[in-house]
Amino acid sequence: MQHTLVRDIAKYDGQEVLLKGWCHNFRSSGSIFFLQFRDGSGRLQAVISKKEVSEETWNACQSLSIEASVEVEGLVKAEPRAPSGYEIQAKAVRVVALPTEEFPIGKKEHGVEFLMDIRHLWLRSSRQEAILRVRDEIEFAMREFMHERGFTLTDSPIFTPNAVEGTTDLFEVKYFDDKAYLSQSGQLYLEATSAALGKTYCFGPTFRSEKSKTRRHLTEFWMLEAEAAYMDYAENMQLQEDMVVHIVKKVLANRREDLKTLERDTAPLEAVVAGGFPRVHYDEAIAQLQKLGSDVKWGDDLGADDETILTQQYDKPIFIHHYPVEVKAFYMKPDPENPKQVLNNDMLAPEGYGEIIGGSQRIDDLKLLEERIAQHGLPKEAFEWYLDIRRYGSVPHSGFGIGLERTVAWICKLPHVRETIPFARLLNRLNP
Ligand code: 4AD
Ligand code: MG
């Protein structure tokens, strides 16, 4: 018999199928056995009636425990009360492997640290499955968007000789007789590839040894970064908006079931699809925050709490642009009209989530960039190649980086980024 996935079950209504997967749960009532089956593509119930199956199958069912691997053969029957709309009237159940020990995740509530310790098993829960499918959809949508907009994927290296986003949170590793740092951002390399190919992006893991134990910091996270020659900071914001709209559209179109599993109210996401994200000048953001009771002062970076209060005033993601030079990275271009502030933007996600994107126009003037590198105490030798991009046909250019995990956390409305990635790396966690 043909091996079928639960996902495709509707096509087999009234036919016999073979399913291969795991026993998620079970219960028995006299001569009827209910097997909650999952195969990664979906879940459904198989009903086994003692009088309709062989003794072998009945005994196999009696031997099951949670997470036993099983094969089920049976008839697909429409069942309006079932979440999948179908159930299986089983003809045969075969055990592939019985657990050697009791599955550690049961019906009782478990603490998050306990679940994170057994993350490799926790991933089998319907909630984690749903999150990972939404993550996949988002990653796919991001790549699709970049591809459609004519950006070429140019992967950036992970071993790097220098800092990009400040020197305090670098992970240092031994590199033969020398040392290297794990990449904080692929941006500098993208600036080089965009001067070759025009529009480029990279998408990979990035590392920050931030000693922050918050709901939005990982030490290893995935970031899509885009860079384009001749793109100014306003066009940069539009590109970011279009990308986020595309992502949310795709998730709403293809992952409704998963959002339902996560009990995610989709109304706030529907509001995002229309675009038109407000552009808020930093000065205005500070004034607004002060009115809302924050003690933030002009010149400060926005803290997580400030971002939360601010985003709660809007029903869409917002851009904050023109941050003060001092609080931002060395490469950001000062506004020629007002050099105290830079042509940058953060995108803050609604519902209190805060920053998911950082972007800016880059300094294209060689002298100014040299000055900034010196002011930031960065080793000039390590940046000579980067300065070459300004020496040979410098152009105005801009780009941004979107954090995948923060985007997943917002779209799934999760309380913490630790559940947005299969195996989170945090200040206090490197296992499993
Ligand atoms: O604002 P960041 O530091 O910007 C850059 O790295 C630029 N070089 C990007 C560019 O212009 N090419 O980081 C960008 C995004 C943040 O907005 C956030 O979503 C995510 O990366 N991010 C983190 N996500 C999880 N854990 C962390 N520790 C993160 N740090 C940044
Ligand atoms: Mg940032």
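Going by the structure above, here's the rest.
Residues numbered from 1 in each chain as written. Chains lettered and ligands numbered in written order. Predicted model: local features only at pLDDT ≥ 70, side-chain atom pairs only at ≥ 80, totals over all residues. Heavy atoms only, no water.

Q: How should the site of ligand 1 be read in this particular structure?
A: In the vicinity of ligand 1 there are 22 residues, among which E165, Q187, E225, E355 and I356 approach most closely. Take E165: an N or O atom from its side chain is 2.7 Å from a nitrogen atom of ligand 1. Here a nitrogen atom of ligand 1 sits 2.8 Å away from a polar atom, N or O, in the side chain of E210. For ligand 1, whose unbound accessible area comes to 630 Å², protein coverage reaches 94%. Counting atoms within 2 Å of the grid points, the majority share of ligand 1 lands in the largest pocket. Contributions of two or more residues to the shell around ligand 1 are made by β11 (220-229), β17 (354-361) and β18 (397-403). (Near = heavy atom within 4 Å. Polar contact = N/O pair within 3.5 Å; in protein donor to acceptor, adjacent residues only side chain to side chain. Areas by Shrake-Rupley, 256 points an atom, 1.4 Å probe, with all protein chains shown as cover. 1 Å grid on protein atoms, 1.4 Å probe; cavity = no way out; pocket = protein on both sides within 12 Å on 5 of 7 lines; lining within 4 Å. Sits in = over half its atoms within 2 Å of the grid points. Helix = DSSP H or I, 4+ residues; strand = E, 2+ residues; numbered from the N terminus.)

Q: So what exactly am I meant to see when it comes to empty space enclosed by the protein here?
A: On inspection of all chains with the given rule, the structure shows one cavity of 30 Å³ or more. Approximately 70 Å³ is the volume attributed to the largest cavity. Every residue lining the largest cavity is listed: R215, R216, Y353, G354, E355, I356, R406, A409, L414, P415, H416 and V417. When contributions to the lining of the largest cavity are tallied by element, the ones reaching two or more residues are β17 and α13 (404-412). (Points joined across faces, edges and corners; volume = space filled by probe spheres on them.)

Q: Help me understand a nonpolar patch on the surface, please; the structure alone is not making it clear to me.
A: The grouping of F159, Y175 and F176 at the surface amounts to a nonpolar patch, some 370 Å² of accessible area in total. Structurally, the position occupied by F159 is in strand β7 (residues 159-160). Take F159: its relative accessible area is 48%, and that puts it in the partly exposed class. (Patch = residues over 30% accessible without salt bridge, like charges linked within 9 Å, V, L, I, M, F, W, Y side chains within 5 Å. Salt bridge = Lys/Arg side-chain N within 4 Å of Asp/Glu carboxyl O. Buried < 20%, exposed > 50% of the residue type's maximum accessible area, 1.4 Å probe, protein only.)

Q: Is there a simple way to explain the packing of aromatic side chains in this structure?
A: One pair of aromatic rings is described through two measures. These are the centre distance and the angle between the planes. Summed over the entire model, instances satisfying the criterion amount to 14 aromatic pairs. With a centroid separation of 5.0 Å and 65° between ring planes, the pair formed by F159 and Y175 is classed as edge-to-face. Note that F159 is positioned in strand β7 and Y175 in strand β8 (residues 172-175), a separation of 16 residues in sequence. By the ring-pair criterion, three or more aromatic residues cluster together here, those being Y189, F330, Y331, F383, W385 and Y386. (Phe/Tyr/Trp six-rings, centres within 6.5 Å; stacked < 30°, edge-to-face > 60°.)

Q: Where do I start with the side chain of R425 in this structure?
A: Structurally, R425 is set in the segment after α13. For the buried R425, which has no salt bridge, the nearest side chain bearing the opposite charge is E220, at an N-O separation of 4.8 Å. Here the side chain of R425 touches L430 through a polar contact of 3.2 Å, landing on its backbone oxygen. For R425, the side chain forms a polar contact with the main-chain oxygen of P432, separated by 3.1 Å. (Lys, Arg positive; Asp, Glu negative; His and termini not counted.)

Q: Would you mind showing me how to read the sheet that holds β11 here?
A: Remark on secondary structure: sheet strands pair via backbone hydrogen bonds, oriented parallel or antiparallel. Pairing is mixed across the open sheet formed by eight strands, whose spatial order is β6-β10-β11-β18-β17-β16-β13-β12. Here the strands that pair on one side only, and so sit at the sheet edges, are β6 (152-153) and β12 (279-281). Where strand β13 (residues 318-321) meets strand β16 (residues 344-349), four bridges bridge the pair, whose relative direction is antiparallel. Pairing of F319 across the sheet is with M347, part of β16. Sitting on the sheet, α13 is in contact with β10 (199-207), β11, β16, β17 and β18, with an inclination near 55° to β18. (Pairing = 2+ DSSP bridges. Contact = heavy atoms within 4.5 Å. Axes fitted to C-alpha atoms, helices over the stretch in contact; angles between N-to-C directions.)

Q: Help me out: how do you make sense of unusual backbone geometry in this one?
A: Note: most residues except glycine have negative phi, and most peptide bonds are trans. The peptide bond linking N431 to P432 adopts the cis configuration, its omega dihedral lying at -5°. With respect to the secondary-structure elements, P432 resides in the segment after α13. Residues other than glycine seldom take positive phi values, yet H322 does so here, at roughly 65°. Here H322 shows up in the loop between β13 and β14 (334-335).

Q: Got a minute to help me understand the pattern of salt bridges in this structure?
A: Where charged atoms of side chains with opposite charge meet at close range, the side chains can pair. A complete count under the given rule lists 35 salt bridges for this structure. In this structure, the salt-bridge partner of E16 is K91, at a minimum N-O distance of 2.7 Å. With a gap of 75 residues between them, E16 in strand β1 (residues 16-29) and K91 in strand β5 (residues 86-97) connect regions that are remote in the sequence. In this structure E16 comes out as partly exposed when scored by relative accessible area, which is 38%. The class for K91 is partly exposed, based on a relative accessible area of 42%. Between E227 and R362 there is a salt bridge, with the nearest N and O atoms lying 2.8 Å from each other.

Q: Can you help me understand the layout of surface pockets in this one?
A: Where empty space is left can be seen by rolling a probe of water-molecule size over the atoms. Of the volumes computed, that of the largest pocket is approximately 1100 Å³. Lining the largest pocket are 47 residues, and of these E165, R208, E210, K328 and E355 sit closest to its centre. At the level of secondary structure, the elements contributing two or more residues to the lining of the largest pocket comprise β11, α10 (304-311), β16, β17, β18 and α13. The dominant element in the lining of the largest pocket, judged by the number of residues it contributes, is β17, at six residues.

Q: Explanation requested: the sheet that holds β7 in the structure shown.
A: The strand order across the open sheet formed by three strands is β7-β9-β8, and the pairing between neighbours is antiparallel. Where the open sheet ends on each side, the last strands, each with one partner, are β7 and β8. As paired strands, β8 and strand β9 (residues 178-182) are joined by four bridges and run antiparallel to one another. The residue bridging K174 from the neighbouring strand is K179, located in β9.

Q: Please explain α10 as it appears in this structure.
A: Think of an α-helix as 3.6 residues a turn; residues three or four steps apart then line up on the same face. By the burial criterion, the buried members of α10 are D306, E307, L310 and T311. Down the axis of α10, the buried set is contained in an arc of 120°. They therefore lie on one face. Here the buried face of α10 lies against α9 (282-291), β13, β16 and β17. (Arc of directions from axis to C-beta.)

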